[in-house]
Amino acid sequence: MSTGILPPFAVLRAFDRVGRLGGIRKAAHSLQISHAIVSRHMAALETFLGVTLYNRRTGELTEAGRRYHARISAAISDMEAATSAVKGAHARPLTIWCSAGFSLHWLAQRLPDFRTGARERSGPLVDLHSTDTEPSFRHDEADGDIRYLFDDDAKTLPDDMRAEEIARPVVFPVAAPSFRIGRHGALRQRKDILDLPMIQERSDAEWANWLSLQGLSPKVSQPVARYGQAHLALVAARSGQGVALANHYLVADDLASGRLVMLSPDDGPWEPVRLGAYYFRCSRPRWNEPLVARFRRWLHKAVAEDEQAWSLPDDAAT
């Protein structure tokens, strides 16, 4: 190996892939070279730096390796982005993972605006994965991730991840017009909602929290149905099974078309309750990559435009 100030780029590239993908064999497969070559590159880099970067017993980077990888990975990402910009083309799509409800009801129909808003004649392709599974940024599964996090869940983040709040929506109860008008009638008092059949997602925690913040008993009766995802709970609400909690990012189209209505009590408006927020998350080394940064700016702009269109003041969740 050269004794210059920098190791050869091939060595750094191999080290970057080992750190991103979590192992020498995975890095070798990604680079389409033998794992023996990657192993030699790792050993040569450790000799050059005089520190151990990789724990060969556990298959993980050491603490020194993680610190070094964070900076090397960011530099290589910058070079990749700069090369793509000069070529005038995007070598790969922007891979975004997103929770199922938000991607289905809001993001997917707006993604063409991101492409046509780019300076290029044909903007960057977004490879959207609609899933409630969170990606592994360490293994390079996604460039970014968007999902709703309750406030308690958003307090801690892994050291290698950054997060930015995109939207903090008001949460309110919705039901099908046939359910509201036909079988149960209007809500005369706020407490009457406790007598309605409630549709839950994963548990009764969201309903209990929302009811408590309305000054009502947080005790939730046996649900009429429980679904693991927001969009499935809304399918149940549209079919008249009961009342679901939602926000405008999930039901704006349903409210506009009349498929769903907000339930409003006659004795005064609901308190504007926000239980969490939608966040964009990304690995720290890639946070300021041009394409990732552009997507974050576009997200903020799209959210601001919709919130203005909905014209929701703080007390308008009724």
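On a predicted model such as this, the values are computed, not experimentally measured, just so you know. (Residues numbered from 1 in each chain as written. Predicted model: local features only at pLDDT ≥ 70, side-chain atom pairs only at ≥ 80, totals over all residues. Heavy atoms only, no water.)

Okay, helix H3 (residues 35-49) next. Think of an α-helix as turning once every 3.6 residues; residues three or four places apart then point the same way. For H3, which comprises 15 residues, the first-to-last C-alpha distance of 21 Å matches the rise-based estimate of 21 Å (1.5 Å per residue) to within 8%. Considered for burial, the residues of H3 that qualify are Val 38, Met 42, Leu 45 and Glu 46. For H3, the angular spread of the buried residues around the axis is 100 degrees, confining them to a single face. In this structure, H3 carries Arg 40 and Thr 47 as exposed residues pointing more than 90 degrees from its buried face. Just downstream of H3 lies Gly 50, where phi reads positive at about 75 degrees. (Helix = DSSP H or I, 4+ residues; strand = E, 2+ residues; numbered from the N terminus. Expected span 1.5 Å × (residues − 1). Buried < 20%, exposed > 50% of the residue type's maximum accessible area, 1.4 Å probe, protein only. Arc of directions from axis to C-beta.)

Among the seven residues of strand S5 (residues 144-150), five are classified as buried, and the element is accordingly described as predominantly covered. Where strand S3 (residues 94-98) lies against S5, three bridges are found, and the strand directions are parallel. Within the sheet, the bridge partner assigned to Ile 96 lies in S5 and is Gly 144. For S5 and strand S12 (residues 276-283), the ladder comprises six bridges, and the chain directions are antiparallel. Looking across to S12, one finds that Arg 147 is bridged to Tyr 279. (Pairing = 2+ DSSP bridges.)

Turning our attention to the packing of helix H1 (residues 9-21) against helix H2 (residues 24-31). Packed helix pairs are characterised by how far apart their axes lie and by the angle those axes make with each other. Between H1 and H2, whose axes approach to 8 Å, the crossing angle comes to 120 degrees. One way to sum up the angle between H1 and H2 is to call them oblique. Crossing of H1 over H2 shows right-handed handedness. Residues Arg 13, Ala 14, Arg 17, Val 18 and Leu 21 of H1 lie in contact with H2, whose contacting residues are Ile 24, Lys 26, Ala 27, Ser 30 and Leu 31. Among the residues forming the contact of H1 with H2, the class breakdown is six nonpolar, one polar and three charged. (Axes fitted to C-alpha atoms, helices over the stretch in contact; angles between N-to-C directions. Parallel < 35°, antiparallel > 145°, perpendicular 65-115°, else oblique. Left-handed = near helix turned anticlockwise from the far one by under 90°. Contact = heavy atoms within 4.5 Å. Nonpolar A, V, L, I, M, F, W, Y, C, P; charged D, E, K, R; others polar.)

In this structure, Leu 107, Ile 146, Phe 280, Phe 295 and Leu 299 are the most contacted members of the largest nonpolar core, which totals 39 residues. In terms of residue count, the dominant contributor to this core is helix H10 (residues 290-310) (seven residues). Non-local contacts of Leu 107, meaning those with residues more than four positions away in its chain, are made with Cys 98, Phe 102, Leu 128, Ile 146, Trp 298 and Leu 299. Val 171, Ala 175, Ala 176 and Trp 270 belong to the second largest nonpolar core, which has 20 residues in total. (Core = buried A, V, L, I, M, F, W, Y, C linked by side-chain atoms within 4.5 Å.)

For the rest of this paragraph, the subject is the packing of aromatic side chains. Counted under the stated rule, the structure contains 16 aromatic pairs. Ring plane angle 35 degrees and centroid distance 4.3 Å describe the contact between Phe 102 and Tyr 278, whose orientation is recorded as tilted. Pair noted here: Phe 102 is in helix H5 (residues 100-116) and Tyr 278 is in strand S12, with a separation of 176 residues, a long-range link. No difference in accessibility class separates Phe 102 from Tyr 278, as the two residues are buried. (Phe/Tyr/Trp six-rings, centres within 6.5 Å; stacked < 30°, edge-to-face > 60°.)

Bringing the packing of helix H9 (residues 248-257) against H10 into the picture now. Contact geometry of H9 with H10 gives a least axis separation of 12 Å together with a crossing angle of 50 degrees. One finds that H9 runs oblique with respect to H10. Helix-helix and strand crossings are classified by hand; for H9 and H10 the assignment is left-handed. Facing His 248, Tyr 249 and Ala 252 of H9, the residues of H10 in contact are Val 303, Glu 307 and Trp 310. For the contact of H9 with H10, the per-class residue count stands at four nonpolar, one polar and one charged.

Taken as a whole and assessed by the stated rule, the structure comprises one cavity of 30 Å³ or more. What the largest cavity holds in volume is close to 60 Å³. Lining the largest cavity are Ile 199, Gln 200, Glu 201, Ser 203, Glu 206, Trp 207, Ala 233, Ala 244 and Leu 245. Across the lining of the largest cavity, the residue classes break down as five nonpolar, two polar and two charged. (1 Å grid on protein atoms, 1.4 Å probe; cavity = no way out; pocket = protein on both sides within 12 Å on 5 of 7 lines; lining within 4 Å. Points joined across faces, edges and corners; volume = space filled by probe spheres on them.)

As a further point, take the sheet that holds strand S4 (residues 126-130). With mixed pairing, five strands are arranged side by side in an open sheet as S4-S3-S5-S12-S6. In the strand order of this sheet, the two ends are held by S4 and strand S6 (161-167), each with one partner. On average, each strand axis in the sheet is tilted by 25 degrees relative to the strand beside it, whichever way the strands run. Each of S3, S4, S5 and S12 is contacted by H5, which is oriented at about 170 degrees to S4, the strand it contacts most.

The next point concerns the confidence of the model for the protein. Mean pLDDT over the protein works out to 84, with 88% of the residues at or above the 70 mark. Long-range and interchain partners of residues 312-318, a stretch whose pLDDT sits below 50, account for 13 contacts in this model, where long-range means more than four residues apart. (pLDDT = per-residue confidence, 0-100.)

Let us look at unusual backbone geometry. For Gln 32, which is not glycine, the phi dihedral falls at a positive 60 degrees. Following the sequence through the fold, Gln 32 ends up in the loop between H2 and H3.

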